[in-house]
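Structural description and commentary
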Amino acid sequence: MYAARARAFLISTPPLTNRKLSDWDRVQTQLWMGSLMQESGIQRPEHIAEYLASKLQLDRHDFTSFKLYARGKQHAGRGRGPNAYGEWVELAARVWPATWAWFMNPLYFLQQNKELTFDDLLACARSLPQIFRENLVPPAHAHSPLALCVSHLPRDLLYALTDPVNPWSLGALACAMRRAELAGDPGTMRWAGVGILWAIDYFLEATHLAMHLPLKELRGLVTTDLNNTIYPGQFVMRAPVTSEDVHRFDRERQRFVDYFAEGEFGSWEPGTTLPWIEKGC
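Residues numbered from 1 in each chain as written. Predicted model: local features only at pLDDT ≥ 70, side-chain atom pairs only at ≥ 80, totals over all residues. Heavy atoms only, no water.

**A closer look at helix 13 (residues 212–228)**
Relative to the 24 Å expected for 17 residues at 1.5 Å per residue, helix 13 spans 24 Å between its end C-alpha atoms, a close match to the ideal helical length. Considering only its buried residues, helix 13 is in contact with helix 2 (23–40), helix 6 (99–104), helix 7 (107–112), helix 11 (167–182) and helix 12 (186–206). (Helix = DSSP H or I, 4+ residues; strand = E, 2+ residues; numbered from the N terminus. Expected span 1.5 Å × (residues − 1). Contact = heavy atoms within 4.5 Å.)

**Comments concerning unusual backbone geometry**
Glycine aside, negative phi is the norm for most residues, and most peptide bonds take the trans geometry. Each neighbour pair has its own omega, and for Asp163 with Pro164 the value is 10 degrees, a cis peptide bond. Mapped onto the secondary structure, Pro164 falls in the loop between helix 10 (156–160) and helix 11.

**Some thoughts on the environment of Thr224**
Position of Thr224 relative to the elements: it lies in helix 13. When its relative accessible area of 43% is taken as the criterion, Thr224 is described as partly exposed. Residues Thr224 and Val241, 17 residues apart in the sequence, show an inter-C-alpha distance of 9.5 Å. (Buried < 20%, exposed > 50% of the residue type's maximum accessible area, 1.4 Å probe, protein only.)

**Quick notes on helix 11**
Its 16 residues place the ends of helix 11 24 Å apart at the C-alpha level, agreeing with the 22 Å of an ideal helix rising 1.5 Å per residue. Judged by how many residues are buried, helix 11 sits mostly within the fold: 14 of 16 residues are covered. Its side-chain oxygen 2.8 Å from the backbone nitrogen of Trp168, Asn166 forms the N-cap of helix 11. Following helix 11 by one or two positions, Gly184 has its phi on the positive side, about 70 degrees. (Polar contact = N/O pair within 3.5 Å; in protein donor to acceptor, adjacent residues only side chain to side chain.)

**What about the nonpolar core?**
Soluble globular proteins tend to bury their nonpolar side chains together. Counting residues in each nonpolar core, the largest one holds 83 residues, and the members touching the most others are Trp32, Ile48, Phe66, Trp88, Leu136 and Ile196. When residues in this core are grouped by element, the largest group, eleven residues, is from helix 12. Sequence-distant contacts of Ile48, defined by excluding residues within four places in its chain, comprise Met33, Leu36, Met37, Ser40, Ile42, Phe66 and Trp96. (Core = buried A, V, L, I, M, F, W, Y, C linked by side-chain atoms within 4.5 Å.)

**Some thoughts on the state of the cysteines**
Joining two cysteines, a disulfide is a covalent bond between their sulfur atoms. Applying the stated criterion to the full structure yields zero disulfides. Summary of cysteine pairing: Cys124 is not part of a disulfide, and the nearest cysteine sulfur, belonging to Cys175, is at 5.3 Å. On the basis of relative accessibility, which here comes to 0%, the residue Cys124 falls in the buried class. (Disulfide = S-S within 2.5 Å.)

**Side note on the packing of aromatic side chains**
Under the criterion given, the structure shown has 15 aromatic pairs. Taking 6.0 Å as the distance between ring centres and 50 degrees as the angle between the ring planes, the aromatic pair formed by Trp32 and Phe66 counts as tilted. Here Trp32 is found in helix 2, whereas its partner Phe66 is found in helix 4 (residues 64–71), with 34 residues between them in sequence. Like Trp32, the residue Phe66 is buried in the burial classification. For the pair Tyr85 and Trp100, a centre-to-centre distance of 5.1 Å together with 65 degrees between the ring planes defines the contact as edge-to-face. Residue Tyr85 is located in the loop between helix 4 and helix 5 (87–95), and its partner Trp100 is located in helix 6; the two are separated by 15 residues in the primary sequence. The exposure class assigned to Tyr85 is partly exposed, which follows from its relative accessible area of 32%. The rings of Trp102, Tyr159, Trp191, Trp198, Tyr202, Phe203, Phe249 and Phe256 are connected pair by pair, giving a single aromatic cluster. When the ring centre of Trp191 is taken as origin, the NZ or CZ atom of Arg155, which lies over that ring, is 4.4 Å away. (Phe/Tyr/Trp six-rings, centres within 6.5 Å; stacked < 30°, edge-to-face > 60°. Lys NZ or Arg CZ within 6 Å of the ring centre and 35° of its normal.)

**A look at the packing of helix 2 against helix 13**
Taken N-terminus to C-terminus, the directions of helix 2 and helix 13 make an angle of 150 degrees; their axes are 9 Å apart at the nearest point. In the crossing of helix 2 with helix 13, the sense of the turn from one axis to the other is left-handed. Contact with helix 2, carried on its side by Asp23, Trp24, Arg26, Val27, Gln30 and Leu31, involves Pro214, Leu215, Glu217, Leu218, Leu221, Val222 and Asp225 of helix 13 and no other residues of that element. Here the residues of the contact of helix 2 with helix 13 sort into eight nonpolar, one polar and four charged. (Axes fitted to C-alpha atoms, helices over the stretch in contact; angles between N-to-C directions. Left-handed = near helix turned anticlockwise from the far one by under 90°. Nonpolar A, V, L, I, M, F, W, Y, C, P; charged D, E, K, R; others polar.)

**Notes on the environment of Tyr69**
Within the secondary structure layout, Tyr69 lies in helix 4. The spatial distance from the C-alpha of Tyr69 to the C-alpha of Pro45 is 8.3 Å, given a sequence separation of 24 residues. Discounting residues that sit within four places of it in the chain, Tyr69 has contacts with Thr29, Gln30, Trp32, Met33, Gln74, His75, Ala76 and Trp88.

**Structural notes on the pattern of salt bridges**
As enumerated under the stated definition, the model contains twelve salt bridges in all. Salt bridges here are not isolated pairs; linked through shared partners, they connect Asp23, Arg26 and Glu217. (Salt bridge = Lys/Arg side-chain N within 4 Å of Asp/Glu carboxyl O.)

Here's what the structure looks like:
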């Protein structure tokens, strides 16, 4: 039954050919394509599409869109909302579930949309897996004001969002960054951005070669945004991210992971400096 519905949907729904592609759209789609190559072991885009059509019994023989996706000439999603996706993204996830996160994590939406609403932020946070969502979305309460969703985020939460590290970590850190922005917390906002760069560097070491070029482009886009960011505060503040910032995030994150792996919490007193934070911060 699913195959019949999928055939009808694919044939009846035309691509959004009139949508102007942004650099974020292009990188998002090419990273997703790279994840398909990583998960499938198939290197040619049209062969991936052929395999999907065969596996899911789809009555479709024109796979031009996959070539366009791989070249960054067409976006694989439909619409501009925080949870927008295309039919090929959904179908591919039925065969290779890990590819879903590379397209659907909310990093791309949050980076492109500078005028963010509370509803947008909540939609993005709620799209994350529970392990990330529980730290970013307060418990539901019928009378809770929406402003509770932009309360202060502790800095160590940023390390928790990378343990474990996976593509959803990018979206979770982006949610933390934008939430800190709305809360007027420039320190956490900036450090979340550093965390995004750290995660991208991690994936450059851990992923298939097909993902490296779009990951490098993603890093360039994020770096440019961070270097041009004006942080909330009494004065105009810019604080470009350095390589030492990223190295420091790596060191503190590892100390955070090691500290909780050992399970020895008795030496830390609430209100004192967190033992995984370096002095002088």
